[in-house]
Amino acid sequence: MEKKKDIVMSGIRPTGFLHLGNYFGALRNYVRMQDAYTCYFMVADLHALTTLRETRELKQHVRRVLAENIACGLDPDKVALYCQSHVPETAELYLFLNMLAYKGELEKTPTFKDKVRLQPENVNAGLLTYPVLQAADILLHRATLVPVGKDQEQHLEIARNYVNRFNQRYSEVFPEPYAFNFGEDLIKVPSLDGAGKMSKSENQMATLYLADDDESIRKKISKAKTDSGALAPGAPMPETIANLFLLLKLVRPQDVLDKFQADYQAGTIRYGDMKKELAEGMVAFITPIREKAEHIRNDEAYLRQVMEQGAAKARASAAVTLQLAKDAIGLNYF
Ligand code: TRP
C-alpha cells in the first residue's frame, strides 16, 4: 500500500501585492512541496477582514494572489488552491476552538499587540481571535507541515496548544502542526533601501513586486543605496552592499557573483555595473511571472474553475475532520 503523504497547509492574506520576499520565503517552497505532499494552499480572505474595513478592492486582490500563485508554478490540479470563505467548515471549527482559547493568551500575542498599535480605533474580536481562525485553517485538514516565515511561529505554537487541549479534553483527533522550511535557514530578501526585508506595505520603492513592470524594476534598483563613503581596508562589507550581493545571488549564476566579489575585494567594483546586472537579472526573473499572472487574471472562467475545484477538495477534507471533531466533543445524539 502506498504510504499516506504528510499534509501541508498554508495561507496568504490578500491584502497587498506579492513581492520577491513572498516568492523566496513562501511561494517557491509551496511549489517544491506540491509533488511530495498533500497540499492545501489558501487565500485568507476572512483574515483580511480583521484589518480591512473597505472591501471594494478585495475581489481584485484575491484574483491577483491566486493568479500569482499559479504563475509561480503552483498547479491547481496537484494541490487544493482555495479561498477561506469558500470553506464554511472553517467557521464551525473556529467556533469549537474558541472554547479552548484563553483571552489572556491571545492578548499576549505579539501580532495582536502590533495591530492594536496600528489600528487602535478598530480592536475587534476578530483581531484578538486571529490565531484561533488560523488554527482552524490548519487543523481542518489535520495538517502537520506549515510552510511559513518566522513571524508566524507564535501562531503555530497557539495552534499546538489547541491541539493538545482538544485531544486531552475530548479525545485524540488532531496532530501537532509545525513550521516547515526544508531544513534551510529562511532566505532573507533584503529591501533596496538597506533597512530590513522587502514587505507588502512599507516603502514601495524598496520592494520588488511580482507585478512590477520592467521600467519600475530598473528604476527601483538604480535608486538602491550603495554610497557608504570610503572604506578602511579590511572593513566589513556595509549592509547596503551585502544586500545587493544577496539579491544578485537570487537571480544570477555564481560566476557573475564571483566576478563582482573579486572586484569588490580589489576595490575596483563599479556599483553602476552591478546594479545593471541585478536589474536585468530581476527583469528576466519577474517578467515571465508577471505576464503569466496577468494572463491568468484576465481569464475569469479559468479562475472560477480553479476556485471551485479548490473549494471542493478543501471541503471534502474538512467534512471528515469536522465529523471526527463533533464525535469527539459529543455533539452526536443518535
Ligand atoms: N497569518 C498568516 C500570515 O499573515 C496567513 C494565514 C492564515 C496562514 N491562515 C493560515 C498561514 C494558515 C499558515 C496557515 O501570513
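Rules used throughout
- Residues numbered from 1 in each chain as written.
- Predicted model: local features only at pLDDT ≥ 70, side-chain atom pairs only at ≥ 80, totals over all residues.
- Heavy atoms only, no water.
- Helix = DSSP H or I, 4+ residues; strand = E, 2+ residues; numbered from the N terminus.
- Rg over C-alpha atoms; globule rule 2.2 N^0.38 Å.
- Buried < 20%, exposed > 50% of the residue type's maximum accessible area, 1.4 Å probe, protein only.
- Near = heavy atom within 4 Å.
- Polar contact = N/O pair within 3.5 Å; in protein donor to acceptor, adjacent residues only side chain to side chain.
- Areas by Shrake-Rupley, 256 points an atom, 1.4 Å probe, with all protein chains shown as cover.
- Domains from an automatic or database assignment.
- Contact = heavy atoms within 4.5 Å.
- Buried area = accessible area lost by both parts, 1.4 Å probe.
- Phe/Tyr/Trp six-rings, centres within 6.5 Å; stacked < 30°, edge-to-face > 60°.
- Lys NZ or Arg CZ within 6 Å of the ring centre and 35° of its normal.
- Salt bridge = Lys/Arg side-chain N within 4 Å of Asp/Glu carboxyl O.
- Patch = residues over 30% accessible without salt bridge, like charges linked within 9 Å, V, L, I, M, F, W, Y side chains within 5 Å.

Asker: I'm lost on the overall build of the chain in this one. Help?
Answerer: What the chain contains, in helices and strands, is 14 helices and five strands. Taking 334 residues into account, the globule formula puts the C-alpha radius of gyration at 20 Å, and the chain, at 22 Å, falls close to it. Taking the principal axes of its C-alpha atoms as reference, the chain extends roughly 80 × 45 × 45 Å. Expressed as a percentage of its 334 residues, the buried residues of the chain come to 47%.

Asker: Which parts of the structure should I look at to understand the site of the ligand?
Answerer: Taken together, the neighbourhood of the ligand is formed by 14 residues, with Arg-13, Tyr-130, Gln-134, Asp-137 and Gln-152 sitting nearest. Residue Arg-13 places a side-chain N or O atom 3.2 Å away from an oxygen atom belonging to the ligand. Tyr-130 places a polar side-chain atom, nitrogen or oxygen, 2.8 Å from a nitrogen atom of the ligand. Computed on the free molecule, the ligand has an accessible area of 370 Å², of which 92% lies beneath the protein chains in the complex.

Asker: Would you explain the domain arrangement of the chain in this entry?
Answerer: Often, the extent of an interface is quoted as the loss of accessible area on bringing the components together. Along its sequence, the chain is organised into domain 1 (7-187 + 300-329) and domain 2 (212-294). The gap between the C-alpha centroids of domain 1 and domain 2 is 34 Å. Facing the nine residues of domain 1 at the interface are seven residues of domain 2. At the boundary of domain 1 with domain 2, total buried surface from both sides reaches about 690 Å², with 87% on carbon and sulfur atoms. The largest share of the area that domain 1 buries against domain 2 comes from Leu-20, Phe-24 and Ala-71, three residues that together contribute 63% of it. Seen at the junction of domain 1 and domain 2, the total is zero residue pairs in polar contact (both at pLDDT 80 or more). Those elements giving two or more residues to the side of domain 1 that touches domain 2 turn out to be helix H1 (20-33) and helix H3 (58-71). At four residues, H3 tops the list of elements feeding residues into the side of domain 1 that touches domain 2.

Asker: Sorry if this is basic, but what is going on with the packing of aromatic side chains here?
Answerer: By convention here, two paired aromatic rings are described through the distance between centres and the angle between planes. Counted by the stated rule, this structure contains nine aromatic pairs. With a centroid separation of 4.9 Å and an interplanar angle of 85°, the aromatic rings of Tyr-23 and Phe-24 are classed as edge-to-face. Phe-24 carries the same exposure label as Tyr-23, and that label is buried. Ring geometry for Tyr-37 versus Phe-180: centroids 6.1 Å apart, planes at 70°, classification edge-to-face. A residue pair is termed long-range when its members are at least 10 positions apart, and Tyr-37 in the loop between H1 and strand S2 (38-43) and Phe-180 in the loop between strand S5 (178-179) and helix H10 (214-222) qualify at 143 residues. Residue classification places Phe-180 among the buried positions, given a relative accessible area of 18%. The structure contains a cluster of three or more aromatic residues connected by ring pairs, namely Tyr-23, Phe-24 and Phe-285. Sitting over the ring of Phe-17, Arg-64 keeps its end group 3.5 Å from the ring centre. One Lys or Arg, Lys-115, reaches over the ring of Tyr-130 and ends 5.0 Å from the middle of that ring.

Asker: How should I be thinking about the pattern of salt bridges in this particular structure?
Answerer: Two side chains carrying opposite charge are able to pair once their charged atoms lie near each other. Under the defined criterion, the tally for this structure stands at 18 salt bridges. For Glu-153, the salt bridge is made with Arg-160, and the minimal N-O distance between the two is 4.0 Å. Of the residues examined, Arg-160 reaches a relative accessible area of 12% and is grouped as buried. In this structure, Glu-280 engages Arg-218 in a salt bridge whose closest nitrogen and oxygen atoms are separated by 2.9 Å. Here Arg-218 lies in helix H10 and Glu-280 lies in helix H13 (residues 271-297), a separation of 62 residues in the sequence. In this structure Glu-280 comes out as partly exposed when scored by relative accessible area, which is 39%.

Asker: Would you mind showing me how to read the environment of Arg-315 here?
Answerer: If you trace the backbone, Arg-315 turns up in helix H14 (residues 300-329). Assessed through its relative accessible area of 37%, Arg-315 is described here as partly exposed. Those residues in contact with Arg-315, other than ones at most four positions away along the chain, are His-86, Val-87, Pro-88 and Glu-89.

Asker: What exactly am I supposed to notice about a nonpolar patch on the surface here?
Answerer: Taken together, Leu-331, Tyr-333 and Phe-334 make up a surface patch of nonpolar side chains, about 480 Å² in accessible area. Topologically, Leu-331 is positioned in the segment after H14. You can call Leu-331 partly exposed: its relative accessible area is 35%.

Asker: Help me understand the side chain of Thr-109 in this model?
Answerer: Of note, Thr-109 is situated in the loop between helix H5 (103-108) and helix H6 (110-118). Side-chain polar atoms of Thr-109 contact the backbone oxygen of Leu-106, separated by 3.0 Å. Residue contacts for Thr-109: discarding those within four places in its chain leaves Pro-131, Gln-154, His-155 and Ile-158.

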